[in-house]
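Reading the structure
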Amino acid sequence: MVLADLGRRINSAVSEVTRSSVVDSNVVDNMLKEISNALVEADVNIRLVISMRKKLKTKIESEDKPGINKKKIIQKAVFDELCELVDCGGAQVFKPKRKQANVLMMVGLQGAGKTTTCTKLAVYYQRRGYKVGLVCADTFRAGAFDQLKQNATKARIPYYGSYTEVDPVTVAADGVDKFKKEKFEIIIVDTSGRHRQEKDLFEEMVQIEDAIKPDETIMVLDASIGQAAESQARAFKESSNFGAIILTKMDGHAKGGGAISAVAATNTPIAFIGTGEHIQDLESFTAKQFVSKLLGIGDIQGLMEH
Amino acid sequence: PFGFLRNVIGGKKIQKEDVSKVKSVLSQHLIKKNVAPNVANSLISEIEKELVGSTTASFTSVEETARKSLERQLIKLLTPNSSIDLLNEIQEKVGNKEGPYVISVVGVNGVGKSTNLSKLAYWFLQNNYRVLITACDTFRSGAVEQLRTHVNNLSNLSPEKHQIELFEGGYGGSDLVAKIATGAIVYAKQHNFDIVLLDTAGRRHNDAHLMTPLASFARAANPDKIIMVGEALVGTDSVLQAKNFDKAFGANRRLDFFIVSKCDTVGDMIGSMVNMVFATGIPILFVGTGQTYTDLRTLSVNWAVNTLMS
Ligand SMILES: Nc1nc2c(ncn2[C@@H]2O[C@H](COP(=O)(O)OP(=O)(O)OP(=O)(O)O)[C@@H](O)[C@H]2O)c(=O)[nH]1
Ligand SMILES: Nc1nc2c(ncn2[C@@H]2O[C@H](COP(=O)(O)OP(=O)(O)OP(=O)(O)O)[C@@H](O)[C@H]2O)c(=O)[nH]1
Ligand SMILES: [Mg+2]
Ligand SMILES: [Mg+2]
């Protein structure tokens, strides 16, 4: 994973401290500075980094009592703080229920990877024995229905869409209705890309949501997004109240820091990460695992036992 | 945002220490605008070089002097070295009957290559050229149908129905890509198309398997211009994206232009264009400002720099 780079820097900053014979506030400050730089270079929102740095500093100082291993404290504080950054207090992601219709609606910025992720998610649930259907409610983007149709056909997932109906609300409602009648358990609805600057597009999203009453709305976010992540995610949260995030393109070079800022800004957990263009390139996500990977599993093992 | 630094006014010889505080403020300011930290720092160390030892003008603080200097740097960076007159160049080639003018777009996944290619087509149609759009993305589902829809739309918007056509060869591997591209150029010659626009599949810039075929593609199609589409939304990765695409075509071929897409989605955080240009020196041909055919603009350097400095 490309996160290795960020992980290496954070790790070496921490071990710099753990190696030095005296751990004074100067050493700690240097470590915090280096961690902050690494995070900012990974696109984590700069204000978020500043506040994390303050929190870390307070934590490390407050637990600094005689007889306590300062290095362990530092390691654990950094691990916990990073976890918190991507974890949102251990909020649970959506678990679909068997033998009833679970409607999932995908939203997000243009080109984030919604349509691709729809089929990946469908395959994920189908393999776990659910009866899954896909609905294309993107009537705007050229070739959107063909894209979903070709993906669904390859993956043998039933799909619904229309070449003639231009109203996404109608297509969404019709598709969900049809699959509900046929006793589908998971119905995934793809929507057009949109952004907060265009009110009409957000209104459309709300209308679709009103029409299909999704059990879960999922925001799909490109891992390479930069500083705009936070304001876009906040705006999506306000209008759609999505309950989970899927991070795509984690196979790329970017470190996902922008997206992590979106997680923090909306206090919404990451459910899955996309790691490629192919149907099977989807992994489930846990914050501890993510941060462990970030910092290199070996180093973390010791921390987890505390 | 720089208010608290307003201290010394005029006639002060600037020392290194004076600049250091300004440096971090300016750098944070740029990072908030989505300029990559290493790009921001490089720009600012240039400023430091320029300022240390110089004297502030009367009624001007160190901070103000530094701001002015940064502004000049950004203007210099974003202003192309030579004027960009693509239409004129096309007219020369087409007028001399040297065959169709070939333009290809490249870039990472989902940035807006196909959409902005269609916007380019619209612009050329408005200028009365005959355009052949070519579907060289043989990988992503629906890529061909996406272009077909655009060609149908554009054909309806054109003064003359057959001013634009789609050349396609279906889906398949990368050997197919070069075949379609060269086939399209032959077809364009035979049917008097002035401009061939080659769409390509999105690819990760850090994946050699995907980047290597670009060089052979460029040799086969030999496009007059290769344009990288990069999106305004992307963060620090924009630096490496631009670098890696710029060097993907071998020693003798570079990118010609950028199109910076999705500028309408980032508010004032337009730093990714700074990253791309800083990393490569390649000029920006257009910025994409929306999802319709007319949402393609020449970059106003003044607007961009004001937005970055505000
Ligand atoms: N490398 C990589 N590419 C991905 C991943 N997920 C999606 N993509 C690619 O990203 C591009 C855009 O994906 P789409 O699924 O069309 O994105 P979208 O959000 O539906 O786009 P719009 O509907 O236009 O808003 C395509 O080229 C996909 O193949 C991923 O996890 N890794
Ligand atoms: N808001 C906005 N959206 C844009 C702009 N340019 C493209 N898009 C949208 O971005 C999404 C992806 O565009 P595409 O043209 O399919 O991107 P691509 O680079 O060809 O994608 P792949 O071929 O899958 O790699 C679509 O929803 C477009 O409508 C722009 O300037 N502004
Ligand atoms: Mg889509
Ligand atoms: Mg495309």
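Residues numbered from 1 in each chain as written. Chains lettered and ligands numbered in written order. Predicted model: local features only at pLDDT ≥ 70, side-chain atom pairs only at ≥ 80, totals over all residues. Heavy atoms only, no water.

**Here we look at the overall build of chain A**
Heads up, the condition is: By definition, any uninterrupted DSSP run of H or I lasting at least four residues is a helix, any uninterrupted run of E lasting at least two residues is a strand, and each is numbered from the N terminus. What the globule rule says is 2.2 Å times the number of residues to the power 0.38, and the radius of gyration is computed from C-alpha atoms. The rule is simple: take the accessible area with a 1.4 Å probe, protein chains only, and divide by the maximum for that residue type; under 20% is buried, over 50% is exposed, in between is partly exposed. Residues count as neighbours in contact if any of their non-hydrogen atoms are within 4.5 Å of one another.
From N to C terminus, chain A includes 12 helices and eight strands. Its C-alpha atoms give chain A a radius of gyration of 21 Å, near enough to 19 Å, the size a compact globule of 306 residues would have. Structurally, chain A occupies a C-alpha span of about 70 × 40 × 30 Å along its principal axes. A buried classification covers 55% of the 306 residues belonging to chain A. At a minimum sequence separation of 6, the contacts of chain A that also span at least 24 residues come to 76%.

**Digging into the sheet that holds strand β4 (residues 195-200) of chain B**
Pairing between the strands of a sheet comes from backbone hydrogen bonds, and it takes one of two forms, parallel or antiparallel. Residues and elements named next belong to chain B. To keep it simple, the criterion reads: What makes two strands pair is DSSP finding at least two bridges between them. An axis is simply a line fitted to the C-alpha atoms; with a helix, the fit covers only the stretch in contact. Between two such axes, the angle follows the N-to-C directions and lies from 0 to 180 degrees.
If you trace the eight strands from one edge of the open sheet to the other, you get β3-β2-β4-β1-β5-β6-β7-β8, paired in mixed fashion. Either end of the sheet is taken by a strand with one partner, and the two such strands are β3 (164-167) and β8 (296-297). Across four bridges, strand β1 (residues 101-106) lies against β4 in parallel orientation. Across the sheet, the residue bridging to Ile103 is Leu197, located in β4. Against the sheet, helix α10 (residues 271-280) touches β5 (225-231), β6 (257-261) and β7 (284-288), its axis set at about 165° to β6.

**Structural notes on the interface of chain A and chain B**
Worth spelling out the cut-off: Salt bridges are defined as contacts in which a side-chain nitrogen from Lys or Arg sits within 4 Å of a carboxyl oxygen from Asp or Glu. Any pair of nitrogen or oxygen atoms within 3.5 Å is treated as a polar contact; in protein, a donor-acceptor pairing is required on top of that, and neighbouring residues in sequence qualify only through side-chain atoms on both sides. Here the nonpolar group is Ala, Val, Leu, Ile, Met, Phe, Trp, Tyr, Cys and Pro; Asp, Glu, Lys and Arg are the charged ones; every other residue, Gly included, is treated as polar.
Every contact between the two is made by 36 residues of chain A and, on the other side, 34 residues of chain B. Our count for the chain A to chain B interface comes out at one salt bridge. When the shortest N-O distance is used, the salt bridge between A:Asp251 and B:Arg204 registers 3.1 Å. The interface formed by chain A and chain B contains 18 residue pairs in polar contact (both at pLDDT 80 or more). Ranked by residues supplied to the side of chain A that touches chain B, first place goes to helix α6 (residues 144-155) of chain A with five residues. Across the side of chain A that touches chain B, the residue classes break down as 10 nonpolar, 17 polar and nine charged.

**What to know about helix α1 (residues 16-32) of chain B**
Quick note on the threshold: One less than the number of residues in a helix, times 1.5 Å, gives the span that helix is expected to have.
Taking 1.5 Å of rise per residue, the 17 residues of α1(B) would be expected to cover 24 Å, and the 24 Å separating its terminal C-alpha atoms lies within 8% of that figure. Listed as buried for α1(B) are B:Val19, B:Val22, B:Val25, B:Leu26, B:Ser27, B:His29, B:Leu30 and B:Ile31. Each element contacted by the buried residues of α1(B) is listed here: α2 (25-41) and α3 (46-62) of chain A together with α2 (37-51), α3 (62-78) and α11 (301-309) of chain B. Positive backbone phi, approximately 75°, marks B:Asn34, located one or two places after α1(B).

**With respect to the site of ligand 1**
Using the following cut-off: Whether a residue is near a molecule or strand is decided by its heavy atoms; if any one of them lies within 4 Å of it, the residue is near.
Neighbouring ligand 1 are 23 residues; A:Lys114, A:Thr115, A:Thr116, A:Arg141 and A:Glu277 lie closest to it. One finds residues of chains A and B in close proximity to ligand 1. At 2.5 Å from an oxygen atom of ligand 1 is found a side-chain nitrogen or oxygen belonging to A:Thr116. Within the side chain of A:Glu277, a nitrogen or oxygen atom sits 2.8 Å from an oxygen atom of ligand 1.

**Quick look at the packing of α3(A) against helix α4 (residues 70-87) of chain A**
Residues and elements named next belong to chain A. Selection rule: Whether a crossing is left-handed or right-handed is set by the direction in which the near helix is turned from the far one by less than a right angle, anticlockwise for left-handed and clockwise for right-handed.
Viewed as axis vectors pointing N to C, α3 and α4 meet at an angle of 145°, and their least axial separation amounts to 10 Å. Remark: the crossing between α3 and α4 carries right-handed chirality. Across from Leu48, Met52, Lys55, Leu56, Lys59 and Ile60 in α3, the residues of α4 making contact are Lys70, Ile73, Ile74, Ala77, Val78, Asp80, Glu81, Leu82, Glu84 and Leu85. Partitioning the contact of α3 with α4 into residue classes produces 10 nonpolar, no polar and six charged.

**Re a negative patch on the surface**
Residues and elements named next belong to chain A. Here is the rule: Residues form patches when they are more than 30% accessible in relative terms and have no salt bridge. Like charges link within 9 Å. Nonpolar side chains (Val, Leu, Ile, Met, Phe, Trp, Tyr) link within 5 Å. Computed with a 1.4 Å probe, the accessible areas rest on the Shrake-Rupley method; for each residue, only the protein chains presented here act as cover. Under this rule, positive means Lys or Arg and negative means Asp or Glu; His and the chain ends count for nothing. Charge coordinates come from a single atom per side chain, which is NZ of Lys, CZ of Arg, CG of Asp or CD of Glu.
The grouping of Glu165, Asp167, Asp174 and Asp177 at the surface amounts to a negative patch. As for its placement among the helices and strands, Glu165 is situated in the loop between β3 (159-160) and α7 (168-181). What makes Glu165 partly exposed here is its relative accessible area of 31%.

**Quick notes on the environment of B:Thr134**
By secondary structure assignment, the location of B:Thr134 is in strand β2 (residues 131-136). Not counting residues within four places of it along the chain, the set of residues in contact with B:Thr134 comprises B:Leu147, B:Phe167, B:Ile180, B:Ala184, B:Val196, B:Leu197, B:Leu198 and B:Asp199.

**Side note on the site of ligand 2**
Near ligand 2, the surroundings consist of 25 residues, among which B:Lys113, B:Ser114, B:Thr115, B:Arg140 and B:Gln291 are the closest. The local environment of ligand 2 is shared, drawing residues from chains A and B. Between B:Gly110 and ligand 2, the recorded distance is 2.9 Å, taken from a backbone N or O atom to an oxygen atom. Here ligand 2 loses 96% of its free accessible area of 650 Å² to cover by the protein chains. Of all the elements, helix α5 (residues 113-126) of chain B adds the most residues to the shell around ligand 2, at five residues. Among the residues making up the shell around ligand 2, the classes are represented as one nonpolar, 17 polar and seven charged.

**Comments concerning the packing of aromatic side chains**
Under the convention used in this document: Any pair of Phe, Tyr and Trp rings, taking the six-membered ring for Trp, is counted once the centres come within 6.5 Å. Such a pair is stacked with planes under 30 degrees apart, edge-to-face with planes over 60 apart, and tilted for the rest. Distance and angle both matter: a charge sits over a ring if NZ of Lys or CZ of Arg is within 6 Å of the ring centre and within 35 degrees of the ring normal.
On inspection of all chains with the given rule, the structure shows 12 aromatic pairs over all chains. Seen in terms of ring centroids, A:Tyr125 and A:Tyr130 are 5.6 Å apart; in terms of plane orientation they differ by 85°. Their pairing is edge-to-face. For the pair A:Tyr125 and A:Tyr130, one class covers both residues: buried. When the centroid spacing of 5.5 Å and the interplanar angle of 55° are considered together, the rings of B:Phe167 and B:Tyr187 count as tilted. Of this pair, B:Phe167 sits in strand β3 while B:Tyr187 sits in helix α7 (residues 174-190), and the two are 20 residues apart along the sequence. A relative accessible area of 22% means that B:Tyr187 is categorised as partly exposed. Put simply, the rings of A:Tyr124, A:Tyr125, A:Tyr130 and A:Phe272 pair up and form one aromatic cluster. The ring of A:Tyr124 carries A:Arg128 above its face, with NZ or CZ at 3.7 Å from the centroid. The side chain of A:Lys149 reaches across the aromatic face of A:Phe145, ending 5.6 Å from its centre.

**Observations regarding the nonpolar core**
So the rule is basically this: Throughout, nonpolar core names a set of buried Ala, Val, Leu, Ile, Met, Phe, Trp, Tyr and Cys residues whose side chains join them through atoms within 4.5 Å.
Membership of the largest hydrophobic core comes to 155 residues, with the highest contact counts inside it found for A:Met31, B:Phe124, B:Ile133, B:Leu197, B:Phe258 and B:Met273. At eight residues, the largest contribution of residues to this core is made by α4(A). Leave out the neighbours within four places in its chain, and B:Leu197 touches B:Ile103, B:Leu117, B:Leu120, B:Ala121, B:Phe124, B:Val131, B:Leu132, B:Ile133 and B:Thr134. Counting 28 residues, the second-largest nonpolar core is a separate cluster that includes A:Leu104, A:Leu121, A:Ile188 and A:Phe272.

**Observations regarding the side chain of B:Ser114**
The residue B:Ser114 is located in helix α5 in this model. Every residue in contact with B:Ser114, bar those within four places of it in the chain, is listed here: B:Gln146, B:Leu147 and B:Asp199.

**Some points on the packing of helix α5 (residues 114-127) of chain A against α6(A)**
Residue and element names in this part refer to chain A. Formally: Angles are sorted into four bins: roughly parallel if under 35 degrees, roughly antiparallel if over 145, roughly perpendicular if 65 to 115, and oblique for all others.
Contact geometry of α5 with α6 gives a least axis separation of 9 Å together with a crossing angle of 25°. Classed by the angle they form, the pair α5 and α6 counts as roughly parallel. Viewed along their axes, α5 and α6 form a crossing whose handedness is right-handed. Facing Thr115, Thr116, Thr119, Val123 and Gln126 of α5, the residues of α6 in contact are Gln147, Leu148, Asn151, Ala152 and Ala155. Looking at the contact of α5 with α6 residue by residue, the classes come out as four nonpolar, six polar and no charged.

Taken by themselves, the reported measurements are silent on function.
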